[in-house]
Amino acid sequence: MSEETNGSAPALLEVEDLAVHFPITQGVFRGRTVGHVYAIDGVSLTVRRGETYGLVGESGCGKSTLGRAILKLTEPTHGRVRFDGEDIAGLKGEELRRRRRRFQMVFQDPMSSLDPRQSVESLLSEGLTAHGLSKGPEADRRRLRELVDAVGLPKGSLRRYPHEFSGGQRQRIGIARALCVEPDLIVADEPVSALDVSVQAQVLNLLSRLQRELGLTYLVIAHDLAVVRHVSDRVGVMYLGGIVEEAPSTDLYADPQHPYTRALLSAVPLPDPEAEDRRERILLAGDLPSPAAPPSGCRFHTRCPWKQAERCDTERPEPRRLEGAAPGHRVACHWAEQIRDGRIRPHHVDADMVDEAATLAVGAPEHASSVQEILGR
Amino acid sequence: MTALLEVEDLRVAFTRRGEPDTVAVDGVSFDVKPGEIVGLVGESGCGKSVTSLAVMRLLPERGNRVTGSIRMDGEDLLALSDSAMRERRGRDLSMIFQDPLSSLNPVIPVGLQVTEVLTRHRGMKKHAARREAAELLDRVGIPDPTRRLDSYPHQMSGGMRQRALIAIALACTPRLLIADEPTTALDVTIQAQILDLLEQLVAETGTALVMITHDLGVVAGLCDRVNVLYAGRIVERADRHELFRAPRHPYTHGLLGSIPRLDGPPGEELAAIRGSVNDNLPWAAPEGGACAFTPRCPRALDVCGEVTPLAERAGTRLLRCHNPVPVAEGAA
């Protein structure tokens, strides 16, 4: 996408110390709060105009919640979200609805995010009407035809229904829907994970072409590090509700500084047998701890092969820039310098059984795949 | 070395009354030698899972037609009686499925699901089976195995469940293991753990493994030989080093080009394959054949839409294409 990370471009989106805690309630009438799921806990990030910021992390790390909280689809517990200089965390009702024209979302599952009973034309024109962008039926139809053409859908798509399209085409409809109100920022939550590889590349290429042509700003959220790194100018790596490392996408692969980033990079399979045979895997022990009872100190210390006796389990590291690191490369690790210089060696970690039944002690399903599931919604 | 499993001209057609058959697998042949890891790669709908189900004879009894032969130790599995097949399933060949939550019984403790195999196939007594089950769980890397025997599947994480499923599949030390997308539902760090485990188990026990996946990255690190499927037929087969160094079929070539590489320069335009599987031509049609990939193929010639390409052998490679990618270009 934009070749250089433009340091001087104004910030379009600023997130400051954002937190989303979901209450866990017990009892028939959901009266008593017995704990919280710390989905997002103190995240700060800045997305500049015209760039693509990628958020990567494993399931349950809070990346989707972060995307939703930024768009105010989920109410943040505390923290600030500034869009184009204006705090949107406090906006409500009509104000918020009108502001949403400028930030749109592309969802993961193109089937469940499109109403099966609406034709593509109706799906796309809904946004135009809702935001008062309609310029009469003739002009609108012309605009929609252009849009459909721009995202690479066949002619005559407007009168068809979502089930008549393939997965990749449906995702294109989702993108067209986000584009039709001319937003500044598009938050794409796993835009390609439901698609086959050959189709995935088409959608990724489409996203970068649209960015070049329309000057869009993207926040791309995905679990696939290779995809995120490919589309993004900067990448933030999330672990259990916090960003552990943030770097320009070239630096992330060349100079990973956080132990988790290193493990993640070494776990991604490469489509190249020679490289696969050469490289050394850092296998992490165990599973992601429960976000309802996050470990003290550094969230990663329970699985970290570089864990030290001091500080790791008591003090939560703040993101900071190491000496000699690229501008904009921040890492949240107490021992990052020593690990980089090889002064600390990795050691064996015993897998810790994550038993959420014990830590939660409520009737929530263990290892729920989503917070909704935990809340029983 | 003689092959452990030989699949020859396997064809699976799903039938519906009053409608033409849907051919999911169309003349697939491959073999697996003892201790070998063979990959079946392809996108959704290419027939890779149906192939595995056909080998296990787990396809529903009605509504499909399976032809060809599936020989294990020279004996045709398709000709076996149901009870004889049941005897072999789990003992000689077993399977790991994609979604461990839906393939484990949610209302039975995991331990019981492991011991069930042991008592059924190895005739073990209850206590011995339980001890053995704990050992199996330990071997697949489940911490505190004795306590975990009494856990229910929902009390375990995705990675642990997949480990439990592998333990069940390995309970009778089968000579052939079929893994159908065993890591697709898992996170990458957990995927790395499971792939490492599978590789280690195969090396230790000498089990042959058929790895079914859509992820070329997984194949690159694990498989000895790779079969690339497209629309129910094998379009290319080669040893993994050869396949990735010089993909000859335009589909394989395109597939490799469309994956964003972690170690490549970011932001580069990906060489996407145009269209989708919906554009495919039928391999065989009454008015003549075609190559199914023709409408999406950047190298398509006139002949591609008129004549079905045959699978031709060149050294260790098998290729089904009229106009393959030249070696030099493929290597670039």
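Quick caveat: nothing in here was measured; it's all calculated off a predicted structure.

Considering the layout of surface pockets
Part 1 of the reasoning: Here the second largest pocket defines a volume of roughly 1000 Å³.
Part 2 of the reasoning: Taken together, 39 residues line the second largest pocket, and the ones lying closest to its centre are Ser266(A), Arg281(A), Ile282(A), Leu283(A) and Leu284(A).
Part 3 of the reasoning: Of all the elements in the fold, those that place two or more residues in the lining of the second largest pocket are helix 9 (259–267) and helix 10 (273–278) of chain A together with helix 5 (126–139), helix 7 (158–170) and helix 8 (188–205) of chain B.
Part 4 of the reasoning: Counting residues per element, the lining of the second largest pocket draws most heavily on helix 8 of chain B, at four residues.
Part 5 of the reasoning: Class assignment of the residues belonging to the lining of the second largest pocket gives a composition of 19 nonpolar, seven polar and 13 charged.

As for the environment of Gly63(B)
All names here are of chain B.
Part 1 of the reasoning: With respect to the helices and strands, the residue Gly63 is situated in the loop between helix 1 (48–56) and strand 4 (64–72).
Part 2 of the reasoning: Accessibility expressed as a relative area gives 35% for Gly63, which makes it partly exposed.
Part 3 of the reasoning: On a C-alpha basis, the gap between Gly63 and Pro145 in space is 42 Å, while along the polypeptide they are 82 residues apart.
Part 4 of the reasoning: When sequence neighbours within four positions are dropped, the list of residues in contact with Gly63 reads Ala13, Phe14 and Thr15.

Some thoughts on the sheet that holds strand 5 (residues 75–76) of chain B
Residues and elements named next belong to chain B.
Part 1 of the reasoning: Spatially, four strands are ordered 2-1-4-5 in an open sheet, and the strand pairing comes out antiparallel. Two strands lie at the open edges of the sheet, namely strand 2 (19–32) and strand 5, each paired on one side alone.
Part 2 of the reasoning: Summarising the sheet, strand 1 (residues 5–16) and strand 4 pair through eight bridges and their orientation is antiparallel. Its bridge partner being in strand 4, Val7 is matched across the sheet by Ile70.

Topic: the side chain of Asp189(A)
Residue and element names in this part refer to chain A.
Part 1 of the reasoning: Looking at the secondary structure, you find Asp189 in strand 7 (residues 185–189).
Part 2 of the reasoning: No salt bridge forms around the buried Asp189; measuring N to O, its nearest opposite-charge neighbour Arg68 is 6.3 Å away.
Part 3 of the reasoning: At 3.0 Å, the side chain of Asp189 forms a polar contact with the side chain of Ser64.

Brief notes about the confidence of the model for chain A
Residue and element names in this part refer to chain A.
Part 1 of the reasoning: Looking at chain A as a whole, its pLDDT mean stands at 85, while 90% of the residues score no less than 70.
Part 2 of the reasoning: Of the regions scoring below 50 in pLDDT, residues 1–6 engages in 16 contacts with residues more than four places distant in sequence or in other chains.
Part 3 of the reasoning: Overall, residues 355–368 carries pLDDT values under 50, and its contacts beyond four positions in sequence, including any with other chains, amount to 27 contacts.

So, the interface of chain A and chain B
Part 1 of the reasoning: With 46 residues of chain A in contact, the opposing surface of chain B contributes 50 residues.
Part 2 of the reasoning: Note on chain A versus chain B: buried area summed over both sides is about 4400 Å², and carbon and sulfur give 57% of it.
Part 3 of the reasoning: Taken together, chain A and chain B are joined by two salt bridges.
Part 4 of the reasoning: Put simply, Arg240(B) and Asp277(A) hold a salt bridge, and the shortest N to O gap is 3.2 Å.
Part 5 of the reasoning: Taken together, the links from chain A to chain B amount to 14 residue pairs in polar contact (both at pLDDT 80 or more).
Part 6 of the reasoning: For the side of chain A that touches chain B, the leading source of residues is helix 6 (residues 197–214) of chain A, giving nine residues.
Part 7 of the reasoning: Partitioned by chemical class, the residues of the side of chain A that touches chain B number 22 nonpolar, eleven polar and 13 charged.

Thoughts on the packing of helix 7 of chain B against helix 8 of chain B
Residue and element names in this part refer to chain B.
Part 1 of the reasoning: In the contact formed by helix 7 and helix 8, the axes pass within 10 Å of each other and the chain directions differ by 15°. What the angle tells us is that helix 7 and helix 8 run roughly parallel. The handedness of the crossing between helix 7 and helix 8 is right-handed. Facing Gly159, Gln162, Arg163, Ile166 and Leu170 of helix 7, the residues of helix 8 in contact are Ile190, Gln193, Ile194, Leu197, Leu198 and Leu201.

As for the pattern of salt bridges
Part 1 of the reasoning: A complete count under the given rule lists 54 salt bridges over all chains for this structure.
Part 2 of the reasoning: With a closest N to O distance of 3.0 Å, Glu36(B) and Arg225(B) form a salt bridge. In this pair, Glu36(B) is assigned in the loop between strand 2 and strand 3 (37–41) and Arg225(B) in strand 9 (residues 225–230), connecting sequence segments 189 residues apart.
Part 3 of the reasoning: With a shortest N-O distance of 3.0 Å, Asp82(B) and Arg57(B) are connected by a salt bridge. Note that Asp82(B) is positioned in helix 2 (residues 82–88) and Arg57(B) in the loop between helix 1 and strand 4, a separation of 25 residues in sequence.
Part 4 of the reasoning: Among the ionic contacts, a cluster of salt bridges with common partners joins Arg48(A), Glu51(A), Arg234(A), Glu246(A) and Arg330(A).

A few points about the sheet that holds strand 1 (residues 11–26) of chain A
Residues and elements named next belong to chain A.
Part 1 of the reasoning: Spatial strand order, 2-1-4-5: four strands in an open sheet with antiparallel pairing. The outermost strands of the open sheet, each flanked by one partner alone, are strand 2 (32–48) and strand 5 (86–87).
Part 2 of the reasoning: Sheet analysis places strand 4 (residues 78–83) next to strand 5, joined by two bridges and oriented antiparallel. Following the sheet pairing, Arg82 is matched in strand 5 by Asp87.
Part 3 of the reasoning: Contacting strand 1, strand 2 and strand 4, helix 1 (residues 63–70) runs over the sheet at an angle of about 115° to strand 1.

Topic: the packing of aromatic side chains
Residue and element names in this part refer to chain B.
Part 1 of the reasoning: A full pass over the atoms with the stated rule returns seven aromatic pairs over all chains.
Part 2 of the reasoning: On the numbers, 5.3 Å between centres and 75° between planes, the contact of Tyr251 with Phe293 is edge-to-face. Separated by 42 residues along the polypeptide, Tyr251 in helix 11 (residues 250–257) and Phe293 in the loop between strand 12 (288–289) and strand 13 (312–314) bring together distant segments of the chain. Neither Tyr251 nor Phe293 differs from the other in exposure class; each is buried.

Quick notes on empty space enclosed by the protein
Part 1 of the reasoning: Under the counting rule described, the total for this entry stands at four cavities of 30 Å³ or more.
Part 2 of the reasoning: What the largest cavity holds in volume is close to 80 Å³.
Part 3 of the reasoning: Taken together, His258(A), Pro259(A), Cys298(A), Phe300(A), His301(A), Cys304(A), Trp306(A), Cys312(A), Cys333(A), His334(A), Trp335(A) and Ile339(A) make up the full set of residues lining the largest cavity.
Part 4 of the reasoning: Looking at the lining of the largest cavity, its residues break down into nine nonpolar, three polar and no charged.
Part 5 of the reasoning: Looking at the second largest cavity, its volume works out to about 70 Å³.
Part 6 of the reasoning: Along the walls of the second largest cavity sit His249(B), Cys291(B), Phe293(B), Thr294(B), Cys297(B), Arg299(B), Cys304(B), Pro309(B), Cys321(B), His322(B) and Asn323(B), which together make up its complete lining.

Some points on the nonpolar core
Part 1 of the reasoning: Grouped together as the largest cluster of nonpolar side chains are 63 residues, with contacts concentrated most on Ile96(B), Ile166(B) and Tyr251(B).
Part 2 of the reasoning: With eight residues, helix 7 of chain B is the single largest residue contributor to this core.
Part 3 of the reasoning: Among the nonpolar cores identified, the runner-up in size contains 38 residues, and Ala226(A), Val237(A), Cys304(A) and Ile339(A) belong to it.

Rules used throughout
- Residues numbered from 1 in each chain as written.
- Chains lettered and ligands numbered in written order.
- Predicted model: local features only at pLDDT ≥ 70, side-chain atom pairs only at ≥ 80, totals over all residues.
- Heavy atoms only, no water.
- 1 Å grid on protein atoms, 1.4 Å probe; cavity = no way out; pocket = protein on both sides within 12 Å on 5 of 7 lines; lining within 4 Å.
- Points joined across faces, edges and corners; volume = space filled by probe spheres on them.
- Helix = DSSP H or I, 4+ residues; strand = E, 2+ residues; numbered from the N terminus.
- Nonpolar A, V, L, I, M, F, W, Y, C, P; charged D, E, K, R; others polar.
- Buried < 20%, exposed > 50% of the residue type's maximum accessible area, 1.4 Å probe, protein only.
- Contact = heavy atoms within 4.5 Å.
- Pairing = 2+ DSSP bridges.
- Lys, Arg positive; Asp, Glu negative; His and termini not counted.
- Salt bridge = Lys/Arg side-chain N within 4 Å of Asp/Glu carboxyl O.
- Polar contact = N/O pair within 3.5 Å; in protein donor to acceptor, adjacent residues only side chain to side chain.
- pLDDT = per-residue confidence, 0-100.
- Buried area = accessible area lost by both parts, 1.4 Å probe.
- Axes fitted to C-alpha atoms, helices over the stretch in contact; angles between N-to-C directions.
- Parallel < 35°, antiparallel > 145°, perpendicular 65-115°, else oblique.
- Left-handed = near helix turned anticlockwise from the far one by under 90°.
- Phe/Tyr/Trp six-rings, centres within 6.5 Å; stacked < 30°, edge-to-face > 60°.
- Core = buried A, V, L, I, M, F, W, Y, C linked by side-chain atoms within 4.5 Å.

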